[in-house]
Amino acid sequence: MSSIIIILSTLAIYSLFWCWYVGLGRKVSPELIEQVMVNCTKAGGAWSSETHQSNIRKLLENDDGKEFVMVNLLAIKSPKRESLKVLKQYTDIFLRNLLKRGGHPIAQARALSGKIEFLNVPAEEEWHSAFLVRYRSRRDFALMALETAGSEHHDLKMAGLDRTIAFPAAPWFAMGGPKLMVALILALATALLHLLLM
């Protein structure tokens with residue numbers, strides 16, 4: 001009987017994790033899209049540019065309810081030490097809001113040299129780091145945009161960056177990942193608990 005309880009408890013825990021991490025497939029409502037567009041216009045700057053708003057609208061209106069990755073290229077302002085401190089303040093706030101919605105960083109890397117290969121981009125334009133962020137859904141991105149556009153913490157990001165490019169990408173794949181890791185950890189914990197109670 002205890003084995004059944006352990007297994008059912010493990011399945012219940014993983015189901016709760018799955019609902020949080022994967023979400024319920026809720027798509028962006030037309031009302032939320034318009035709310036994001038209005039907020040971007042109010043925020044001004046790059047948020048209100050025609051290209052920026054067109055791309056955000058396209059992303060949200062073509063919602064499939066699934067996860068995606070935001071690919072970021074960053075060029076840090078000089079002096080870099082001070083700029084990185086400012087960026088850390090932004091990142092702390094951003095990641096806290098992202099994690100509660102099942103999103104998280106996937107990878108971060110710093111450039112080892114200038115561009116090795118390039119086509120139809122300025123030769124002198126260099127990038128210092130790359131940052132990949134997983135969003136649970138486009139709806140979560142829309143809610144994040146409402147919190148971010150025109151906010152003080154987004155101003156911190158702009159203060160620390162010389163240039164940046166961010167574009168959404170899907171489908172994506174990575175070996176392992178939280179869905180597999182949590183399943184393996186729970187399976188191991190279940191097996192150990194079963195052995196202790198035998």
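Now for a look at the structure at hand. (Residues numbered from 1 in each chain as written. Predicted model: local features only at pLDDT ≥ 70, side-chain atom pairs only at ≥ 80, totals over all residues. Heavy atoms only, no water.)

1. Structural notes on the pairing of strand β3 (residues 129-135)
Put simply, side chains in a regular strand alternate between the two faces of the sheet.
Next up, step 1: By the criterion of burial, β3 is predominantly enclosed, with five of the seven residues buried.
Next up, step 2: Pairing geometry for strand β1 (residues 68-76) and β3, over seven bridges, is antiparallel. Looking at β3, one finds that V71 is bridged to L132.
Next up, step 3: As judged from the six bridges shared by strand β2 (residues 104-110) and β3, these two strands associate in the antiparallel manner. Bridged to A107 within β3 is L132. (Buried < 20%, exposed > 50% of the residue type's maximum accessible area, 1.4 Å probe, protein only. Helix = DSSP H or I, 4+ residues; strand = E, 2+ residues; numbered from the N terminus. Pairing = 2+ DSSP bridges.)

2. Some details on the side chain of H153
Next up, step 1: On the secondary structure map, H153 appears in helix α6 (residues 152-160).
Next up, step 2: Here S151 takes part through its side chain, which lies 3.1 Å from a polar atom of the side chain of H153.
Next up, step 3: Among residues more than four places away in sequence, those in contact with H153 are Y90, I93, E147 and T148. (Polar contact = N/O pair within 3.5 Å; in protein donor to acceptor, adjacent residues only side chain to side chain. Contact = heavy atoms within 4.5 Å.)

3. Some details on the nonpolar core
Next up, step 1: Within the largest apolar cluster, 24 residues are counted, with the highest numbers of intra-cluster contacts made by V36, I56, L60, F94, L98, Y135 and F141.
Next up, step 2: Among the secondary structure elements, those contributing two or more residues to this core are α2 (30-43), α3 (50-61), β1, α4 (80-99), β3 and α5 (138-148).
Next up, step 3: Examining the composition of this core, we find that five residues originate from one element, α2, more than from any other.
Next up, step 4: Filtering out sequence-adjacent residues up to four positions away, I56 remains in contact with V36, M37, C40 and W47. (Core = buried A, V, L, I, M, F, W, Y, C linked by side-chain atoms within 4.5 Å.)

4. A look at helix α1 (residues 2-22)
Next up, step 1: Between its first and last C-alpha, α1 extends 30 Å over 21 residues, near the 30 Å set by a 1.5 Å rise per residue.
Next up, step 2: Buried residues along α1 sit in contact with β2, β3 and α7 (178-197).
Next up, step 3: Directly beyond the C-terminal end of α1, a positive phi value near 85 degrees is found at G23. (Expected span 1.5 Å × (residues − 1).)

5. Observations regarding the pattern of salt bridges
Next up, step 1: A complete count under the given rule lists 10 salt bridges for this structure.
Next up, step 2: Put simply, E34, R57 and E61 are held in one network by salt bridges that share partners. (Salt bridge = Lys/Arg side-chain N within 4 Å of Asp/Glu carboxyl O.)

6. Considerations on the sheet that holds β3
Next up, step 1: Pairing within the open sheet is antiparallel, and its four strands lie in the order β2-β3-β1-β4. Both edges of this open sheet fall to β2 and β4 (161-169), since each of them pairs with a single strand only. Going across the sheet, the axis of each strand differs from the next one's by a mean of 15 degrees, ignoring polarity.
Next up, step 2: Where β1 lies against β4, eight bridges are found, and the strand directions are antiparallel. In the sheet register, L74 faces β4, and the bridge partner there is T164. (Axes fitted to C-alpha atoms, helices over the stretch in contact; angles between N-to-C directions.)

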